[in-house]
Amino acid sequence: MELVEYVSRAGWGARAYRQPSGAIQYSRPRKGVKVHYLGGAYSDRPHSQCSAYVRQIQNQHMNGNGWSDIGYSFVVCTHGTVYEGRGLKRRNSANGNTSLNEQHYAVLGLHGTNSGEPGAKLLDGIRDAIDYCRKNGPCGSEIKGHKDGYATACPGPELYAWVRAGAPRSDKEEPVTEAEMKKLAELTAERVWVKDHLIDVPWGTTQNPHWAAGNIITDTGNVLREVRGRVKQVQAQQETIRELVQALASRDEAIDVDALIQRIEERISALDVRIVAE
Ligand SMILES: [Zn+2]
Ligand SMILES: [Zn+2]
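Right, let's walk through the structure included here.

Definitions and limits used
- Residues numbered from 1 in each chain as written.
- Chains lettered and ligands numbered in written order.
- Predicted model: local features only at pLDDT ≥ 70, side-chain atom pairs only at ≥ 80, totals over all residues.
- Heavy atoms only, no water.
- Donors = N, O, S within 2.8 Å, 3.2 Å for Na, K, Ca; no water.
- Buried < 20%, exposed > 50% of the residue type's maximum accessible area, 1.4 Å probe, protein only.
- Helix = DSSP H or I, 4+ residues; strand = E, 2+ residues; numbered from the N terminus.
- Contact = heavy atoms within 4.5 Å.
- Tetrahedral: all angles 85-135°; square planar, octahedral: opposite > 155°, others 65-115°.
- Phe/Tyr/Trp six-rings, centres within 6.5 Å; stacked < 30°, edge-to-face > 60°.

1. Notes on the coordination of the zinc ion (ligand 1)
Next, step 1: Protein-derived ligands of the zinc ion (ligand 1) are H36 (ND1), H146 (ND1) and C154 (SG), with the metal-ligand distances lying across 2.1 to 2.3 Å.
Next, step 2: In primary sequence terms, the donor set of the zinc ion (ligand 1) follows H-x109-H-x7-C. With respect to burial, H146 and C154 carry one shared label: buried.

So this is what it looks like as structure tokens:
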């Protein structure tokens, strides 16, 4: 399995770790992964500044704490990118003591005490790192917080609740953008109304800025109303002619009323068909 967004130590400009302690490898397979947060306030920043922030953490650990390297196995930024810390083979120094460090990988999310609900990209990125450890470890399936087995508030209430829920991937869908909607409308115009020529509508082109599928429905409705009006008009004319023929017949017995009405109705029927077909 490859990480979708992965930055190696060279990629973020890591300092070389100190020998020999920085080179110490795990002596047995890991049980799983422990999740960490920053423990202080964090101000989110553009992704272009994330590598510099990881370098800052490494400097704190090496200069301030006197450690041989950045303490974490991996670091995940709020944009979902996974940064290589001590990686898969070298033992981390973030879980509290040597025994705890041996048992679990340590994955830090760039999430502070002030960050509130973590974003989907951060959570999915941490999950990417966990799955990467599981696949390439060797590493078991445990997902825990730093506070599990050690006295600390880490990884804070939000990330810990997510860890306790099994670190699920986000299923939030990205909202559809204006540009995507426009593209969809143009595809519909081209493939349904224009290319297929199902209905011959002269304004059914993408060149018409007022184009919409609703135009066709409105136009069809208008045509239907007009046809219904004309049919009623013809029916009224038919009724009037029938009355006139009968009035005429009452004055002249030589007129064949039925034959005359039949001839008129045939004419009207033909007229009716002609109107509908227009
Ligand atoms: Zn921690
Ligand atoms: Zn970032």
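Back to the write-up after that little detour.
2. Brief notes about the side chain of S73
Next, step 1: Relative to the assigned elements, S73 resides in the loop between α2 (50-64) and β3 (74-76).
Next, step 2: Setting aside residues up to four positions removed in sequence, S73 forms contacts with Y26, Y83, E84, G85, R86, G87, N92, Y105 and A106.

3. Describing the coordination of the zinc ion (ligand 2)
Next, step 1: Around the zinc ion (ligand 2), the protein supplies H47 (ND1), C50 (SG), C77 (SG) and H79 (ND1) as donor atoms, at distances of 2.0 to 2.3 Å.
Next, step 2: For the zinc ion (ligand 2), the 4 donor atoms are set out with angles of 103 to 118 degrees between them, so the coordination reads as tetrahedral.

4. A word on the packing of aromatic side chains
Next, step 1: A full pass over the atoms with the stated rule returns 4 aromatic pairs.
Next, step 2: Between the aromatic rings of Y6 and Y132, the centroid separation amounts to 5.6 Å while the plane-to-plane angle is 40 degrees, which identifies the pairing as tilted. Residue Y6 is located in strand β1 (residues 6-7), and its partner Y132 is located in helix α4 (residues 120-136); the two are separated by 126 residues in the primary sequence.
Next, step 3: Accessibility expressed as a relative area gives 15% for Y132, which makes it buried.
Next, step 4: Ring centres of Y42 and Y53 lie 5.0 Å apart, and the angle between their planes is 65 degrees; on these two criteria the pair is classed as edge-to-face.

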